[in-house]
Structure formats: C-alpha cells, structure tokens
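Here's the letter readout for the chains.
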Amino acid sequence: MKAFIRNLDKYLGTFFLASLILLVIAQIVMRVVFLAPLKGAEELVRYFLICVVFFGAPYAAREGGHIRMEELQMWFPFWLRYPVRLLSFLSAAVVFGIVAYGSVLTLMQNLANRTATLSIPFPIFIMPTVLGFILLTVAYTRMFIRFLRHPDVPWSKNKP
C-alpha cells in the first residue's frame, strides 16, 4: 500500500495521459466523421495536459529524470562538484516551495471562479498545479537532505 501511495503521481499522470490521448482521438473522429466537434474538448484537453505535467514532474524528479547537467559538472574540479550539487538541490527545493506557496495563494484568491467553457470550478482546475509544486518541493527537499547525509558525487578524486 505504501508503494502505491508513493507512486500515485505516476499512476495519475499515466491515467491523465491516456485520457488526453483518447479525448483528442474522440474530438478528431467527431469533427471529421460526424461534423460535430465536442463542446469544451479543448479546455478539457488543456486540463488533462496540466494534470500530466504536474503529476508527472514529481515522479520524474524522484527517478532522476530531470536534467542535472552532470556532463557539465564532470568538468568541474572535484572540490567544486559538491557545492554545485548541494546548491542545485537546495535552490530547486526553495524555488519550488516559493512557487507552491504562490499557487496556493492563487487558489485561495480564486475560490469562486470557474473556467469559461465547461464551468469547471477554479480550485479543481488549479489543484494539479498546486499538488505538483508541493510534491516537487517535497521531492527536492528529500533529495537535498539525502545529499547532505550521503553525498552522491559520482566521480572519484582520481578521475578528471
């Protein structure tokens, strides 16, 4: 059960990606074959895209899928690699924390608003963004703490 909850963002991202693909296919079929496009499909596709991005980002961060520029770090002197990696994890956690805070404020200020076409309540529309940034903050904070405990500088002092 713990593994399922830990990977819930992966499962949600996969679900919304499949939903996005199916909705786009349905929209194309309805528009081309039946000459009757689905009303609000573009807005729903946009929502699904937001869900895919913001539920997938924390999973990508946990799995090391984000760009770290390790090839560039390899050229740094060994004594510089540790502080650069430390600063990258810390700055990611701080920046995502600030953006998460801003997204929560945006959510709170727009509780009564709705989207234009489908009239989706704004809190539902922005919730994947809020959760995604909160989960990214948690993921990078955990990486920062793990790095402090066990620096994972992958190059030894003898290698260039």
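Residues numbered from 1 in each chain as written. Predicted model: local features only at pLDDT ≥ 70, side-chain atom pairs only at ≥ 80, totals over all residues. Heavy atoms only, no water.

### A word on the environment of Lys39
Argument step 1. Among the structural elements, Lys39 can be located in the loop between helix 2 (8-32) and helix 3 (41-62).
Argument step 2. Placed 69 residues apart in sequence, Lys39 and Met108 show a C-alpha to C-alpha distance of 28 Å.
Argument step 3. What Lys39 contacts, discounting residues up to four positions off in sequence, is Thr117 and Leu118. (Helix = DSSP H or I, 4+ residues; strand = E, 2+ residues; numbered from the N terminus. Contact = heavy atoms within 4.5 Å.)

### Observations regarding the nonpolar core
Argument step 1. By size, the foremost hydrophobic cluster in this structure holds 25 residues, and its most contacted members are Phe16, Phe48, Ala61, Phe89, Leu136, Tyr140 and Met143.
Argument step 2. The biggest single contributor to this core is helix 3, with nine residues.
Argument step 3. The residues touching Phe16, leaving out its near neighbours within four places in the chain, are Phe48, Cys51, Val52 and Phe55. (Core = buried A, V, L, I, M, F, W, Y, C linked by side-chain atoms within 4.5 Å. Buried < 20%, exposed > 50% of the residue type's maximum accessible area, 1.4 Å probe, protein only.)

### Comments concerning the environment of Val138
Argument step 1. Tracing the backbone shows Val138 in helix 6 (residues 122-149).
Argument step 2. The exposure class assigned to Val138 is partly exposed, which follows from its relative accessible area of 44%.
Argument step 3. The spacing of Val138 and Pro58 is 80 residues in sequence and 8.6 Å in space, taken between C-alpha atoms.

### Notes on a positive patch on the surface
Argument step 1. Taken together, the side chains of Lys2, Arg6, Arg142 and Arg146 present a region of like positive charge at the surface.
Argument step 2. Listed by contribution, the elements that provide at least two residues to the positive patch are helix 1 (2-6) and helix 6.
Argument step 3. By the element assignment, Arg142 lies in helix 6.
Argument step 4. Overall, the relative accessible area of 42% leaves Arg142 in the partly exposed class. (Patch = residues over 30% accessible without salt bridge, like charges linked within 9 Å, V, L, I, M, F, W, Y side chains within 5 Å. Areas by Shrake-Rupley, 256 points an atom, 1.4 Å probe, with all protein chains shown as cover. Salt bridge = Lys/Arg side-chain N within 4 Å of Asp/Glu carboxyl O. Lys, Arg positive; Asp, Glu negative; His and termini not counted. Charge placed at Lys NZ, Arg CZ, Asp CG, Glu CD.)

### Focus on the side chain of Thr115
Argument step 1. Along the chain, the position of Thr115 falls in the loop between helix 5 (78-109) and helix 6.
Argument step 2. Side chain to side chain, Thr115 and Glu43 meet in a polar contact 2.4 Å long.
Argument step 3. At a separation of 2.8 Å, a polar atom in the side chain of Thr115 contacts the main-chain amide nitrogen of Ile120.
Argument step 4. In contact with Thr115, other than residues within four places in its own chain, are Glu43, Ile120 and Phe125. (Polar contact = N/O pair within 3.5 Å; in protein donor to acceptor, adjacent residues only side chain to side chain.)

### Re helix 5
Argument step 1. The terminal C-alpha atoms of helix 5, which comprises 32 residues, lie 47 Å apart, in line with the 46 Å expected from a rise of 1.5 Å per residue.
Argument step 2. Restricting attention to buried positions, one finds in helix 5 the residues Arg81, Arg85, Phe89, Ala92, Ala93, Ala100, Ser103 and Leu107.
Argument step 3. Each element contacted by the buried residues of helix 5 is listed here: helix 4 (70-74) and helix 6. (Expected span 1.5 Å × (residues − 1).)

### Description of the packing of aromatic side chains
Argument step 1. Taken as a whole and judged by the stated rule, the model has twelve aromatic pairs.
Argument step 2. For the pair Tyr47 and Phe48, a centre-to-centre distance of 6.2 Å together with 45° between the ring planes defines the contact as tilted.
Argument step 3. Since its relative accessible area comes to 13%, Phe48 is described here as buried.
Argument step 4. Members of the aromatic cluster, connected to one another through ring pairs, are Phe15, Phe16, Tyr47, Phe48, Phe55 and Phe125. (Phe/Tyr/Trp six-rings, centres within 6.5 Å; stacked < 30°, edge-to-face > 60°.)

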